[in-house]
Amino acid sequence: MGKAKTGFKVAFVGSECYPFVKTGGLGDVMYALPRALIREGCSVRVILPLYNCIPQKYKDQMKYVGSFMMDQTMEGRTFYVGIMEIEMEGVIYDFIDNREFFDWGNPYTGLWEDIPKYCYFSKAALAILNYMEWYPDVIHCHDWQAALVPLYLRTKFWNCPLKDSKSMLTIHNLRFQGICGIQHLKYWSGLPDGLFDYPVFKQNEDEANMFKGGLAYADAITTVSATYAQEIQTPEFGEHLDAHLRYHSVRMKGIVNGIDTEIWDSSTDKLLAAPYDVTDVLEKKWVNKEALREQLGLSRENGGKMVFGLVSRLTDQKGLDLVDAIFPQIMDGNTQVIVLGTGDPRYENAFRYYEDKYKGDVCAYISYNEALAHRIYAGADAFLVPSLFEPCGLTQLIAMRYGTVPVVRETGGLKDTVLPYDAEKNEGNGFTFDRYTPELLLKAVNEAKTLFFTDRPRWDAMVRRNMEKDVSWEQSAKQYLDFYKELKA
Ligand code: ADP
Ligand code: GLC
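Residues numbered from 1 in each chain as written. Chains lettered and ligands numbered in written order. Predicted model: local features only at pLDDT ≥ 70, side-chain atom pairs only at ≥ 80, totals over all residues. Heavy atoms only, no water.

Enquirer: What is the right way to read the site of ligand 2 from this model?
Expert: Taken together, 14 residues lie around ligand 2, and H172, N257, Q317, E390 and G393 are the ones closest in. Interatomic distance of 2.8 Å between a side-chain N/O atom of N257 and an oxygen atom of ligand 2. Within the backbone of C392, an N or O atom sits 3.0 Å from an oxygen atom of ligand 2. In the complex, 93% of the free accessible area of ligand 2, which totals 310 Å², lies under the protein chains. If one sorts the elements of the shell around ligand 2 by residue count, helix 1 (residues 25–39) sits on top with three residues. In terms of residue class, the shell around ligand 2 is built from six nonpolar, six polar and two charged. (Near = heavy atom within 4 Å. Polar contact = N/O pair within 3.5 Å; in protein donor to acceptor, adjacent residues only side chain to side chain. Areas by Shrake-Rupley, 256 points an atom, 1.4 Å probe, with all protein chains shown as cover. Helix = DSSP H or I, 4+ residues; strand = E, 2+ residues; numbered from the N terminus. Nonpolar A, V, L, I, M, F, W, Y, C, P; charged D, E, K, R; others polar.)

Enquirer: Can you help me understand the side chain of S122 in this one?
Expert: When you line up the elements, S122 lands in helix 4 (residues 111–132). For S122, a relative accessible area of 0% corresponds to the buried category. Side-chain polar atoms of S122 contact the backbone oxygen of Y118, separated by 2.9 Å. Here Q145 takes part through its backbone oxygen, which lies 3.2 Å from a polar atom of the side chain of S122. Excluding anything up to four places from it in sequence, S122 contacts Q145, A146, A147, L148, V149 and Y152. (Buried < 20%, exposed > 50% of the residue type's maximum accessible area, 1.4 Å probe, protein only. Contact = heavy atoms within 4.5 Å.)

Enquirer: Explain the site of ligand 1 here, please?
Expert: The full set close to ligand 1 counts 22 residues, and G25, R313, K318, Y377 and L394 are the nearest of them. Residue K22 places a side-chain N or O atom 3.0 Å away from an oxygen atom belonging to ligand 1. Between ligand 1 and R313, the relevant distance is 2.7 Å, taken from an oxygen atom to a side-chain nitrogen or oxygen of the residue. Within the complex, 93% of the 570 Å² of free accessible area of ligand 1 lies under protein. Elements supplying a minimum of two residues to the shell around ligand 1: helix 1, strand 12 (306–314), strand 13 (335–343), helix 13 (370–379) and helix 14 (395–401). Looking at the shell around ligand 1 residue by residue, the class counts come to seven nonpolar, nine polar and six charged.

Following this line, the structure appears as structure tokens:
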């Protein structure tokens, strides 16, 4: 499989990767993009922490590569670094073993412990590349947890063969930056004092910011959609780093995420009651919808009800206060809602309340459950993603691939991937709204309902259009590879 090797070597460094450990879309990207790059002829290694929470079946498959002691902290304390490895379909996964840092957490604990953990991880990622004598063309780092890699590369590793590697830092979510007291970061990173000034780490008189430092030192910056790349340069979305990002924007590009179309393939998905493709989606979606209703205890009396799905971390980012505000108006007797997610108790409780209030028509499944997520993507008619901000968003892509119509807010990657329905031209992928207000979400939901109930041929045409839309990684992997090559030119 794949093209002839280009000889291009890329190391991915990040804090999560499906199927070992995943809390959100970062885990999906760390899995899918390396596989897509392999298909473009690259060699890819993915470097991850060996968390205790990784399922035993994967730990059992890992083989020991080597170990050494590494100095870390301002005092030069030494810590064990073990390397455990798995190869899966051409991608090599190297796990950094250190029980002091990775034996607890799920995988994250709290910033106070996470800062030392990811300082150690970022330095160890480079140290293991050195140890294995595997010198990548590009070291592709993800989010704040890997943001120190570019800084270690240009300081502690300046006089080893790794110095020829270029670094790329991808912003998946600017809300999380790794901010702490300056002394805490100075101590744990062991990085030179000169970096703790305003152009690099310094955030304010007392605090240092790991993401800010990484963005200043990375050879290239990317984020996960073109719209988010623009948005984060404004005060509204910039999370206090907008000026910093404007300054560094010449090195920044937005490249939209895809999804892994082998995992997300409704025609081979073993988790579904009835797998389907674009030719039989209409009958089979019905079978999946009935099976889903039965599994979740939803009423099947009036089988024609429209089902809205929502699969999400339950946080402020996801626009759930808008859903909360209009919930009673969504429930018109012809609608059912299924929510799958965990997070902020405020939202967990709100959805539990609605489940009780609209018994048989609402399911609040407060949990993380991959199998159920697949069944919701397949069994729902429409899918809600009304986010306050959304760097890319994968759930709307999965929904479309499964023939489910997204209702989204026009922000970040949602804006770039969901073309609004245009009744005149009979085009588009879903229903969208711009300003962050409950009224506009309700209007979009009602537009979706109107089309579903009054013009099924057009609705069905949109379902098929969505299934045929290219949401794979292919085009975006090519763009990453071009950007890697630009860096090395
Ligand atoms: P984010 O990374 O901001 O959480 P994304 O849309 O990029 O949002 O990715 C979310 C990923 O996590 C998707 O693969 C989605 O299916 C999955 N997911 C989110 N919540 C759950 C859940 N409760 N159970 C199963 N999968 C979930
Ligand atoms: C982040 C963002 C999400 C994006 C994902 C993968 O978690 O919140 O929008 O899809 O990363 O890049």
